[in-house]
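Structural overview
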Amino acid sequence: MSAVDAMVNGPEGELLDWHAIDWRAAEEDVRRLRQRIFTASQVGDLKRVRSLQKLMLRSRANTLLSVRRVTEVNAGRKTAGVDGKVVLLSSVKADLADWVQRNAKPWQARPVRRVYIPKKGGKRPLGIPVIVDRVLQARVVNALEPEWEARFEPRSYGFRPGRGCHDAIEAIFHVARGANPRRRWVLDADLAAAFDRIDHDHLLDLLGTFPARGLIADWLKAGVIEKGRFSPTEEGTPQGGVVSPLLLNVALHGMEQAAGVRYQTAGVHAGQTVPGCPAVFRYADDLVALCHSKHEAEQVKARLAEWLAPRGLVFNEDKTRVVTLDEGFDFLGFTVRRQSGKLLIKPSKAALGRIRERLRTEMRALRGANAATVLVRLNPIIRGWLPTTGRWCPARHSVRWTGTCGGSPTSGPRLVTRTSPSTGLSTGTSGRSTGPGETGGCSATATAAPTAPSSPGPASSDTGWSRAVRLRTIPPLPSTGLTDGVEEFPRRWTNSACVC
């Protein structure tokens, strides 16, 4: 075996130690190869692109990272497919990576398992592939994604590396801001069941001579098992697979051109939209088109409807409308609206209602639980909200959170104990209730709640109070001139900086 083969496929006969893998080196190898595919696609060298994609599909580093992604990183790592298998042990992960890397037999795609998750107005169907299919799909994504990233349109933001909701909202802001924006009419559109209706033949034609095209075709035709019954899939890609978001972006590539969007290619304004044409912003199957007039918005809708037909897609008429910026529209959980000559963007009422209802449900289920348990349950929900809304914290605008973080209604008033820095002895206490609108901050860590008497009073040696946590400093006391620390009783949440 040559040295190059050893680097790509791994040394033969050597047992893989999962904990001894150099992940930084593996990530760097995959990143470098992705960059080479991107560059070759950017200059139009298709032959080199296909050669590098074959190398990526054989890469040992790509296999290791793919196994790590579906067994450690992905949220559904503990969800099994139709075979009921999950991979959680390190030894099993190493065996899976070794089997995927060295298996010479062609893999036959397995059907996906149908599950449903709640969504606004009903339930969303998902298709859960088996663990091997997930690993193979992750390998294919690393080979296919760089090629199309060099082609994708500039204002496509959904399921793309380095892009997110904030980028789409920022792009809308730059186009619609100002006292007198040119594009005042909005086509707020949504595609009906986009994942479930993509035409297979059209999608495979777009992939061209991609080396793993046959494997993708097998995944599309693998079928669905729901409640023990098998159903063939004649259209669509299962929402829940690793490769499905990328395939949706491939199928919807070219939407801006079909809507009549043109970009300047030279000069200081290169990359900006040509004056007089609409501006289209797409995030997966949700899109917004800013137009100069109502007639232009209706024309864009008609052109896009004709363009979507060969792809098997149609507009969801219940969610598609033409409005003005003054009326406003909801996009990606935000409300975008002009008011008094200014463009205002803030979280939508529907999004706020959903997050508040979720926090309310969690808090009701956690009644009687200690602070550590509450934090473990709530922090992932609040942090998951941040990629969508940024610094805006839904929890701190919640009545229930204010009642919880600002002080338990059964714990009595907040007590302040002053201690002398020189002697360490208590100099007295004072009672203070939580002020209006004061939440006390959101905590990232929990501390044991100290014990305290039911009513404030002078400290003594027989009170049995536990040592308090120093939180902040206060001005010197008028009587003693000492700069003392503040300690509060009883508190279940530390008054640290808000992490949400």
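Residues numbered from 1 in each chain as written. Predicted model: local features only at pLDDT ≥ 70, side-chain atom pairs only at ≥ 80, totals over all residues. Heavy atoms only, no water.

1. Let's talk about the environment of Ala212
In this fold, Ala212 is placed in the loop between helix H9 (200-207) and helix H10 (213-220). Considering only alpha carbons, one finds Ala212 and Gln137, 75 residues apart in sequence, at a separation of 9.8 Å. Ala212 has contacts with Leu57 and Val140, leaving out every residue within four places of it along the chain. (Helix = DSSP H or I, 4+ residues; strand = E, 2+ residues; numbered from the N terminus. Contact = heavy atoms within 4.5 Å.)

2. Thoughts on the pattern of salt bridges
Going through the model one piece at a time under the given rule, you end up with 16 salt bridges. In this structure, Arg68 and Glu27 form a salt bridge, with 3.2 Å as the shortest nitrogen-oxygen distance. Placement of the pair is Arg68 in helix H4 (residues 60-73) and Glu27 in helix H2 (residues 23-42), with a sequence separation of 41 residues. Judged by its relative accessible area of 24%, Arg68 is partly exposed. A cluster of three or more residues bridged by salt bridges with shared partners is formed by Glu27, Arg68, Glu72 and Lys93. (Salt bridge = Lys/Arg side-chain N within 4 Å of Asp/Glu carboxyl O. Buried < 20%, exposed > 50% of the residue type's maximum accessible area, 1.4 Å probe, protein only.)

3. Side note on the nonpolar core
One finds Ile216, Phe329 and Phe331 to be the most contacted residues of the largest nonpolar core, which totals 97 residues. Of the residues forming this core, the biggest block, 10 residues, is contributed by helix H6 (residues 131-149). Setting aside anything within four residues of it in sequence, one finds Phe331 in contact with Ala168, Ile169, Ile172, Phe281, Tyr283, Asp286, Leu287 and Val288. Listed in part, the 11 residues of the second largest apolar core include Met363, Leu366, Val374 and Ile381. (Core = buried A, V, L, I, M, F, W, Y, C linked by side-chain atoms within 4.5 Å.)

4. A few points about the side chain of Glu149
Within the element layout of this structure, Glu149 appears in helix H6. Reaching out from Glu149, the side chain makes a polar contact with the side chain of Arg160 at a distance of 2.9 Å. Each residue touching Glu149, except ones within four places of it in the same chain, is listed here: Phe38, Arg160 and Pro161. (Polar contact = N/O pair within 3.5 Å; in protein donor to acceptor, adjacent residues only side chain to side chain.)

5. With respect to the packing of H4 against helix H5 (residues 90-102)
At a closest axis distance of 9 Å, the pairing of H4 and H5 adopts a crossing angle of 135°. When the axis of H4 is compared with that of H5, the two are oblique. H5 is crossed by H4, and the crossing has right-handed handedness. Together, Arg60, Thr63, Leu64, Val67, Thr71 and Glu72 of H4 and Lys93, Leu96, Ala97, Val100 and Gln101 of H5 make up the contact between the two elements. (Axes fitted to C-alpha atoms, helices over the stretch in contact; angles between N-to-C directions. Parallel < 35°, antiparallel > 145°, perpendicular 65-115°, else oblique. Left-handed = near helix turned anticlockwise from the far one by under 90°.)

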